[in-house]
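Analysis of the macromolecular model
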Amino acid sequence: MALVPCQVLRVAILLSYFSILCAYNAIDMPAHQTYGGSWKFLTFIDLVIQAVFFGICVLTDLSNLLTKGNDSQEQERQLKKLISLRDWMMAVLAFPVGVFVVTMFWSLYIYDREVVYPKLLDNFIPSWLNHGMTC
């Protein structure tokens, strides 16, 4: 039952996403008070999708560690369903949305920063949080 480096990395990524979400939710911005709140921003939606995806990855890794060496067919079937959910989420949500957000945000940021991230937001969102949300 030794931990593999990729399992440790997934836990670290999950914790970093949760810390970024907590830091972002702690910010008091006027845009959070309007219709839709943070959910109107694709960067926030992507952050939630990535956090849920890595949560499923960690859950899959834990289930795999706990059921290893067990001969239960039911546990194997449940683990296969969890792996299928993880793979589906990666193929349908996490990868496409993540690539789109990173590509579009930084392309528009380089072209004209004011379109996606006005300088006014520097007063609310620290640069490390902006990079954490869009990378």
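Please read all numbers here as calculations on a predicted model, not as lab measurements.

**Observations regarding the pattern of salt bridges**
Enumeration according to the criterion identifies 4 salt bridges in this entry. With a shortest N-O distance of 2.9 Å, Arg 10 and Asp 61 are connected by a salt bridge. Here Arg 10, found in helix α1 (residues 5-26), pairs with Asp 61, found in helix α2 (residues 42-67); they are 51 residues apart in sequence, far enough to count as distant. With relative accessibility at 9%, the residue Asp 61 sits in the buried group. The partner of Arg 113 in a salt bridge is Asp 122, and the shortest N-O contact between them spans 2.6 Å. Take Arg 113: its relative accessible area is 18%, and that puts it in the buried class.

**With respect to the confidence of the model for the protein**
Summary statistics for the protein give a mean pLDDT of 88 and a share of 98% for residues scoring 70 or more. By mean pLDDT, the top-scoring element of the protein is helix α3 (residues 73-111) (93), and the lowest-scoring one is helix α5 (residues 127-134) (85).

**Details of a nonpolar patch on the surface**
On the surface, a cluster of nonpolar side chains totalling about 280 Å² of accessible area is made up of Val 11, Leu 15 and Phe 18. Relative to the helices and strands, Val 11 is located in helix α1. In this structure Val 11 comes out as partly exposed when scored by relative accessible area, which is 37%.

**Comments concerning the packing of aromatic side chains**
Taken as a whole, this structure holds 9 aromatic pairs when the rule is applied. Measuring from ring centre to ring centre gives 5.8 Å for Tyr 17 and Phe 54, while their planes differ by 35°; the resulting arrangement is tilted. In this pair, Tyr 17 is assigned in helix α1 and Phe 54 in helix α2, connecting sequence segments 37 residues apart. With respect to class, Tyr 17 is no different from Phe 54; both count as buried. Taken together, the ring pairs in this structure connect Phe 105, Trp 106, Tyr 109 and Tyr 117 into an aromatic cluster.

**Looking at the environment of Asn 123**
If you trace the backbone, Asn 123 turns up in the loop between α4 (113-116) and α5. The class for Asn 123 is exposed, based on a relative accessible area of 63%.

Conventions adopted
- Residues numbered from 1 in each chain as written.
- Predicted model: local features only at pLDDT ≥ 70, side-chain atom pairs only at ≥ 80, totals over all residues.
- Heavy atoms only, no water.
- Salt bridge = Lys/Arg side-chain N within 4 Å of Asp/Glu carboxyl O.
- Helix = DSSP H or I, 4+ residues; strand = E, 2+ residues; numbered from the N terminus.
- Buried < 20%, exposed > 50% of the residue type's maximum accessible area, 1.4 Å probe, protein only.
- pLDDT = per-residue confidence, 0-100.
- Patch = residues over 30% accessible without salt bridge, like charges linked within 9 Å, V, L, I, M, F, W, Y side chains within 5 Å.
- Areas by Shrake-Rupley, 256 points an atom, 1.4 Å probe, with all protein chains shown as cover.
- Phe/Tyr/Trp six-rings, centres within 6.5 Å; stacked < 30°, edge-to-face > 60°.

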